[in-house]
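# Analysis of the macromolecular model
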Amino acid sequence: MRRLRHSLRWALIKAAVAGTTMVALAFLIPLGLMVQQTARDRAFTAAERQAAALGPALAITTDQDAIARAVASTDAGAQGRMAVHLPPAEAAGAGAGALPGPGGAAGGVASAPGGTASGGTAPAGKVSDGTAAAGGAGPAAGATIGEVRALAADVASAGGQGRSFTVEVPGGYALLQPVAVDTVRTAVVEVFVADGDLTRGVATAWQVLSGVALGLVAVSVLVADRMGARIVGSARRLAAAARSLGAGDLAVRVPVDGKQAAGSPEELREAAHAFNAMADRVVQLLAAERELAADLSHRLRTPLTVLRLNAASLGEGDAADATRHAVAQLEREVDQIIRSARRAPEDAPAVTVGCDAAEVIRERVGFWSALAEDEGRRWQLAGADRETPVPVQRGDLAAAVDALLGNVFRHTGVGTAFSVDVLATGSSVIVLVGDAGPGFTDPEAALKRGEGHGGEGSTGLGLDIVRKFAEATGGDLALGRSAVLGGAEIRLRLRSRPDGILPPRTGRRRGRGSLFAR
């Protein structure tokens, strides 16, 4: 999971989720608000239809019983959500010669005590008679049928203005719809709209819209994941091919056609073509290098043959035997180079990494000791009397020691003494090669490749090759002055194990003496 969080697929998924969420919110929030407003308008429109349904009945009669039956026939009236505020009866319409009574009641009917007009009997709490103005000084109000929720002032305002509007009442809103009874009088129909009616279906609509949004996000994630899988798959195939090529598999190639490459971006296809071209070029260069090495090595056979014949005619003696041994070893090295150059990479034999440094150093010092005796050089070997394992190939270490000892014989005069010390520390093996010669005039230049000044026969590559060999193990190569012999001293340090892992102590290292074996 941690690896997925830092992958390209995860980045594409997050981008898809973010983009789809923003688009969904940009469309769904206004759509949800519109649904909410639509539900509100639908509730008030239904209330207006309920109020308009009483218009024909009020135009025909204002009889309270008839109006009560008309109210009960509507859905709102059956649910107790409708009320009708009737206008007061006209005095002129009460009968011939009728006059207003002392209380001002229409039709010459005296007002009852308390100012209640006798306008018929209605059910308690449902139909009520109109009440006169305060103190009985004004005309009486009309009867009210149904359950009243709006204030009398709002009802009077609706009737006086002749327009419908809504007012907020406990539990919802009341729609006040004026209806003309005749040319003079106006009744007001009151329809109650509960808060639940204003939001009916809105929660369901929000749930549906949320489900649609989640569905869009899920689809976008699926599409992004599939797209990312194709891109990541192509990139991983390219990375795996690069690792295989780095590990030595020269036959590896990235597929650019077929099923594996289907759906890969064009940019990664171009990268795959470039990688394949690079791999082909590497194979060609390596083949040319092997041919060149084989040709050069083959050219050495003729002078080697001459050297071998001359060495055979030297007769007996240590010098003659050393010369013949050196020529034989040189022939073996040349043959090995030719075989390695001609061998295909997949046919290379397995190489065992690791050897005993003390054993290799004893062998190479013993080889050079014959030449040292011929030139009258005193020499000393110390610290090579116990096993000292190092993680390098035996041949590479032998070549490095030969380069160091050959450097002594090449750059110092005949009779110059030299010494070789082997020091084993907790994580390294140090080889010190010192001599009694003049030393290094410029140690930094001596370590630079091709800049040595060893005279005829010197390429200036010996110390550089040894330095790279040491650095390959995590060690180094340093030049200095010998504290014992006074000349040059070369310190070769090879890493034998990681830091912090110390081997058990087996004894003290043999000290360096001042006597030299001849």
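The following refers to the structure shown. Just so it is clear, the model here is predicted, and its values are computed rather than measured.

### Points about the overall build of the protein
Each helix and strand in the protein was counted, giving 15 helices and 13 strands. Residue burial in the protein is summarised as follows: out of 518 residues, 34% are buried. Taking the intrachain contacts of the protein between residues at least 6 apart in sequence as the baseline, contacts between residues at least 24 apart amount to 62%. Within the structure as shown, the protein displays about 29600 Å² of accessible surface, and the carbon and sulfur contribution to it stands at 57%.

### Quick look at the sheet that holds strand S10 (residues 418–424)
Read across the open sheet, the five strands follow the order S8-S10-S11-S13-S12; overall the sheet is mixed. Sheet topology places strand S8 (379–382) and strand S12 (476–481) at the edges, where each strand pairs with a single neighbour. Pairs of neighbouring strands in the sheet enclose a mean axial angle of 15 degrees, with direction left out of account. Examined bridge by bridge, strand S11 (residues 428–435) and strand S13 (residues 488–495) share seven bridges and lie antiparallel to one another.

### Description of the pattern of salt bridges
Scanning the entire structure with this criterion turns up 16 salt bridges. Taking the shortest distance from any N to any O, the salt bridge between Glu359 and Arg394 comes out at 3.6 Å. One end of the pair, Glu359, is in helix H12 (residues 357–375); the other, Arg394, is in helix H13 (residues 394–411), and 35 residues separate them in sequence. Of the residues examined, Arg394 reaches a relative accessible area of 34% and is grouped as partly exposed. Where salt bridges share partners, they join Glu359, Glu363, Arg364, Arg394 and Asp402 into one cluster.

### Quick word on a nonpolar patch on the surface
Residues Leu25, Ile29, Leu33 and Trp206 make up a contiguous nonpolar surface patch of about 360 Å² in total accessible area. If you tally residues by element for the nonpolar patch, the top one is helix H2 (residues 8–52), at three residues. Position of Ile29 relative to the elements: it lies in helix H2.

### Quick look at the packing of aromatic side chains
What the rule picks out here adds up to four aromatic pairs. Centre to centre, the rings of Phe367 and Trp368 are 5.9 Å apart; their planes meet at 85 degrees, and the pair counts as edge-to-face. Through a chain of ring-to-ring contacts, three or more aromatic side chains come together here, namely Phe367, Trp368, Phe409 and Phe418. A cation over an aromatic ring shows up here: Arg40 above the ring of Tyr173, its NZ or CZ 5.2 Å from the ring centre. A cation sits over an aromatic face here: Arg149 above Phe192, 4.2 Å from the ring centre.

### Details of the environment of Gly366
Position of Gly366 among the secondary structure elements: in helix H12. Measuring from C-alpha to C-alpha, the distance between Gly366 and Leu381 comes to 9.6 Å, with 15 residues separating the pair along the chain.

### Topic: the packing of H2 against helix H8 (residues 202–246)
Two elements in contact, H2 and H8, have axes separated by 8 Å at closest approach and are oriented at 160 degrees. On the basis of their axis angle, the class for H2 and H8 is roughly antiparallel. As for the relative orientation of H2 and H8, their crossing is right-handed in sense. Looking at the contact of H2 with H8, its residues break down into 24 nonpolar, six polar and three charged.

### Section: the nonpolar core
Core analysis: the largest hydrophobic core is formed by 37 residues, its most contacted members being Val390, Leu397, Leu405, Phe418, Val420, Leu463 and Leu492. Looking at this core, the elements that each hand over two or more residues are H12, H13, S10, S11, helix H14 (443–447), helix H15 (462–472), S12 and S13. Of the residues forming this core, the biggest block, eight residues, is contributed by H13. The residues contacting Leu397, other than those within four sequence positions of it, are Cys355, Ala357, Val360, Val390, Val392, Phe469 and Leu494. Residues Leu54, Ala76, Val84 and Ala143 belong to the second largest nonpolar core, which totals 24 residues.

### Focus on the side chain of Thr416
Looking at the element boundaries, Thr416 is found in the loop between H13 and S10. We classify Thr416 as buried; its relative accessible area is 13%. At a separation of 2.8 Å, a polar atom in the side chain of Thr416 contacts the main-chain carbonyl oxygen of Gly413. Once you skip the residues sitting within four places of it in the chain, Thr416 turns out to touch Arg377, Ala436 and Gly437.

### With respect to the packing of H13 against H15
For the pair H13 and H15, interaxial distance at closest approach is 9 Å and the crossing angle is 145 degrees. Taken as a pair, H13 and H15 cross one another with a handedness that is left-handed. Counting all contacts with H13, which are made through Asp396, Leu397, Ala400, Ala403 and Leu404, the residues of H15 involved are Gly462, Leu463, Val466 and Phe469. Taken together, the residues that form the contact of H13 with H15 break down as seven nonpolar, one polar and one charged.

### Re the pairing of S10
Counting buried positions along S10 gives six out of seven residues, so the element sits mostly inside the fold. Examined bridge by bridge, S8 and S10 share four bridges and lie parallel to one another. Counted as the bridge partner of Leu381 is Val420 from S10. Both S10 and S11 contribute to a ladder of seven bridges, which runs antiparallel. Among the inter-strand pairings, Val420 is bridged to a residue of S11, identified as Val433. Turn length for the S10-S11 hairpin, with the two strands adjacent in sequence and antiparallel, is three residues.

### Side note on the pairing of strand S5 (residues 172–180)
Among the nine residues that make up S5, seven are buried, leaving the element largely enclosed by the rest of the structure. Across five bridges, the pairing between strand S4 (residues 165–169) and S5 is antiparallel. When the bridges of S5 are listed, Thr166 appears paired with Leu175. Following S5, the chain reverses through five residues before pairing antiparallel with strand S6 (residues 186–194).

### Looking at the environment of Trp379
Relative to the helices and strands, Trp379 resides in strand S8. Sequence separation of Trp379 and Gly434 is 55 residues, and the distance between their C-alpha atoms is 9.8 Å.

Conventions used here
- Residues numbered from 1 in each chain as written.
- Predicted model: local features only at pLDDT ≥ 70, side-chain atom pairs only at ≥ 80, totals over all residues.
- Heavy atoms only, no water.
- Helix = DSSP H or I, 4+ residues; strand = E, 2+ residues; numbered from the N terminus.
- Buried < 20%, exposed > 50% of the residue type's maximum accessible area, 1.4 Å probe, protein only.
- Contact = heavy atoms within 4.5 Å.
- Areas by Shrake-Rupley, 256 points an atom, 1.4 Å probe, with all protein chains shown as cover.
- Pairing = 2+ DSSP bridges.
- Axes fitted to C-alpha atoms, helices over the stretch in contact; angles between N-to-C directions.
- Salt bridge = Lys/Arg side-chain N within 4 Å of Asp/Glu carboxyl O.
- Patch = residues over 30% accessible without salt bridge, like charges linked within 9 Å, V, L, I, M, F, W, Y side chains within 5 Å.
- Phe/Tyr/Trp six-rings, centres within 6.5 Å; stacked < 30°, edge-to-face > 60°.
- Lys NZ or Arg CZ within 6 Å of the ring centre and 35° of its normal.
- Parallel < 35°, antiparallel > 145°, perpendicular 65-115°, else oblique.
- Left-handed = near helix turned anticlockwise from the far one by under 90°.
- Nonpolar A, V, L, I, M, F, W, Y, C, P; charged D, E, K, R; others polar.
- Core = buried A, V, L, I, M, F, W, Y, C linked by side-chain atoms within 4.5 Å.
- Polar contact = N/O pair within 3.5 Å; in protein donor to acceptor, adjacent residues only side chain to side chain.

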